Amino acid sequence: MEAGPHEGVAGAVFANETSETNPSDTPSSILNSQQLSAIEDEEVLNKLLDKAVDFDERRMIRAALRDLLKKKREKREKERGSRQDDLRQQASSKAGTGRMGMNRGQTSNHQQRSHMHSQLSASTTNSFTKTTGSMANPAMAPAHQCSPVVAEPNMKNVKQMLLDWCRAKTEPYEGVDIRNFSSSWSDGIAFCALVHRFFPDAFEYSILNPNARKDNFELAFSTAERLADCPPLLDVEDLLRMREPDWKCVYTYIQEFYRCLVEKGLVKTKKKL
């Protein structure tokens, strides 16, 4: 894909996007906060938010979305705590039996640990040799590099509108604050939120961990590729090596993701890219 901005994005990002099908027979304008809080379908709330035009109405829908995500996260944490308690009880019941065979297995375990240590040392040495060779030989360097974005007269407006579109779509998501195309995407959560907005059944957003950067990147890119046919233009290993991703790379990927959404009919515009 070309790294330069496409003027079709400028015409499609905000002003020309139309709302999806009305998710409810009841007009969203008459729903109050109590009725919104009773909705437990995240996709319904997202569609109501897309259709809403009144500021107070959008504020109530966003609050309902945040509460729903929080409830799901708390439920998941409670279930995880129960499973951990069960595992601890099982471990305690087996502890007595395990102690009986501990002495007999000490010699065998010591030999296994020595063997594993030797294998780990050899693996580390080989890895260091390959890394050093890659640094010395440019031909072995990673091939994933972003081409410089070619400046065009309307580039600033296109970039800002695409950024505003990303911010609007991820606004209800906790832990996401998109301010740029670099540091705002460094933990992968913003990618996951943007993909989840269009494919809410693909994964559970509320259980994601901002510290699990690799898992977040892989989840977002694989889901976008599987459901939106968006090619994985960003390399996860490259992103992990950088504290903040190259904004040109992120900008290029988001442009492609937007184009794929248009092709799928998930974003309505006056003209396709």
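Fair warning: this is a prediction, and the values are worked out from it, not measured in the lab. (Residues numbered from 1 in each chain as written. Predicted model: local features only at pLDDT ≥ 70, side-chain atom pairs only at ≥ 80, totals over all residues. Heavy atoms only, no water.)

## What about the overall build of the protein chain?
Here is step 1: Secondary structure assignment for the protein chain yields ten helices and zero strands.
Here is step 2: Counting only residues that meet the buried cut, the protein chain has 33% of its 273 residues in that class. (Helix = DSSP H or I, 4+ residues; strand = E, 2+ residues; numbered from the N terminus. Buried < 20%, exposed > 50% of the residue type's maximum accessible area, 1.4 Å probe, protein only.)

## Considerations on the packing of helix 7 (residues 189–198) against helix 10 (residues 247–264)
Two measures define how a pair of helices packs: the angle their axes make with one another and the distance between the axes.
Here is step 1: Between helix 7 and helix 10, the shortest axis-to-axis distance is 12 Å and the interhelical angle comes to 5 degrees. In terms of orientation, helix 7 lies roughly parallel with respect to helix 10. Side by side, helix 7 and helix 10 meet where Phe191, Leu194, Val195 and Phe198 of the first sit next to Val250, Tyr253, Ile254, Phe257 and Leu261 of the second.
Here is step 2: Looking at side-chain class alone, the contact of helix 7 with helix 10 contains nine nonpolar, no polar and no charged residues. (Axes fitted to C-alpha atoms, helices over the stretch in contact; angles between N-to-C directions. Parallel < 35°, antiparallel > 145°, perpendicular 65-115°, else oblique. Contact = heavy atoms within 4.5 Å. Nonpolar A, V, L, I, M, F, W, Y, C, P; charged D, E, K, R; others polar.)

## Thoughts on the environment of Met242
Here is step 1: Following the sequence through the fold, Met242 ends up in the loop between helix 9 (236–241) and helix 10.
Here is step 2: The class for Met242 is partly exposed, based on a relative accessible area of 30%.
Here is step 3: Separated by 56 residues in sequence, Met242 and Ser186 place their C-alpha atoms 8.4 Å apart.

## Examining unusual backbone geometry
Here is step 1: Non-glycine residue Asp229 carries a positive phi angle of around 60 degrees.
Here is step 2: Relative to the elements of secondary structure, Asp229 occurs in the loop between helix 8 (213–228) and helix 9.

## Points about the side chain of Glu256
Here is step 1: Here Glu256 lies in helix 10.
Here is step 2: With a relative accessible area of 6%, Glu256 lands in the buried category.
Here is step 3: A polar atom in the side chain of Glu256 sits 2.6 Å from the side chain of Arg259. (Polar contact = N/O pair within 3.5 Å; in protein donor to acceptor, adjacent residues only side chain to side chain.)

## Regarding the packing of aromatic side chains
Here is step 1: Counted by the stated rule, this structure contains 13 aromatic pairs.
Here is step 2: Ring centres of Phe191 and Phe217 lie 6.1 Å apart, and the angle between their planes is 65 degrees; this geometry places the pair in the edge-to-face category. Of this pair, Phe191 sits in helix 7 while Phe217 sits in helix 8, and the two are 26 residues apart along the sequence.
Here is step 3: Considering the side-chain rings of Phe217 and Phe221, the 6.1 Å spacing of their centres and the 15 degrees angle between planes classify their relative orientation as stacked. Here Phe217 and its partner Phe221 are both found in helix 8, four residues apart, which amounts to about one turn of the helix.
Here is step 4: Judged by relative accessible area, which is 1%, Phe217 ranks as buried.
Here is step 5: Judged by its relative accessible area of 4%, Phe221 falls in the buried class.
Here is step 6: Three or more aromatic residues joined by ring pairs make a cluster, and in this case those are Phe181, Trp185, Phe191, Phe217, Phe221, Trp247, Tyr251 and Tyr253.
Here is step 7: The lysine or arginine in question, Lys159, covers the ring of Trp247, its NZ or CZ lying 3.9 Å from the ring centre. (Phe/Tyr/Trp six-rings, centres within 6.5 Å; stacked < 30°, edge-to-face > 60°. Lys NZ or Arg CZ within 6 Å of the ring centre and 35° of its normal.)

## Quick look at the nonpolar core
Here is step 1: Judged by nonpolar contacts, the single largest core of 43 residues is most densely connected at Trp165, Trp185, Phe191, Tyr205, Phe221, Ile254 and Phe257.
Here is step 2: Taken together, the elements giving at least two residues each to this core come down to helix 6 (155–170), helix 7, helix 8, helix 9 and helix 10.
Here is step 3: When residues of this core are assigned to their parent elements, the largest contribution, ten residues, is made by helix 10. (Core = buried A, V, L, I, M, F, W, Y, C linked by side-chain atoms within 4.5 Å.)

## Digging into the environment of Ile39
Here is step 1: Mapped onto the secondary structure, Ile39 falls in the loop between helix 2 (33–37) and helix 3 (42–51).
Here is step 2: Linking Ile39 and Leu65, residues 26 residues apart in sequence, is a C-alpha distance of 9.2 Å.
Here is step 3: Excluding residues within four positions of it along the chain, Ile39 makes contact with Val44, Leu45, Leu48 and Leu68.

## Let's talk about the packing of helix 8 against helix 10
Here is step 1: At their nearest, the axes of helix 8 and helix 10 sit 10 Å apart, and the two run at 30 degrees to each other. Taken together, the axes of helix 8 and helix 10 are roughly parallel relative to one another. Remark: the crossing between helix 8 and helix 10 carries left-handed chirality. From helix 8, Ala220, Phe221, Ala224, Leu227 and Ala228 reach across to helix 10, where they touch Tyr253, Phe257, Cys260, Leu261 and Lys264. (Left-handed = near helix turned anticlockwise from the far one by under 90°.)

Without other data, these values stay purely geometric and don't point to any function.
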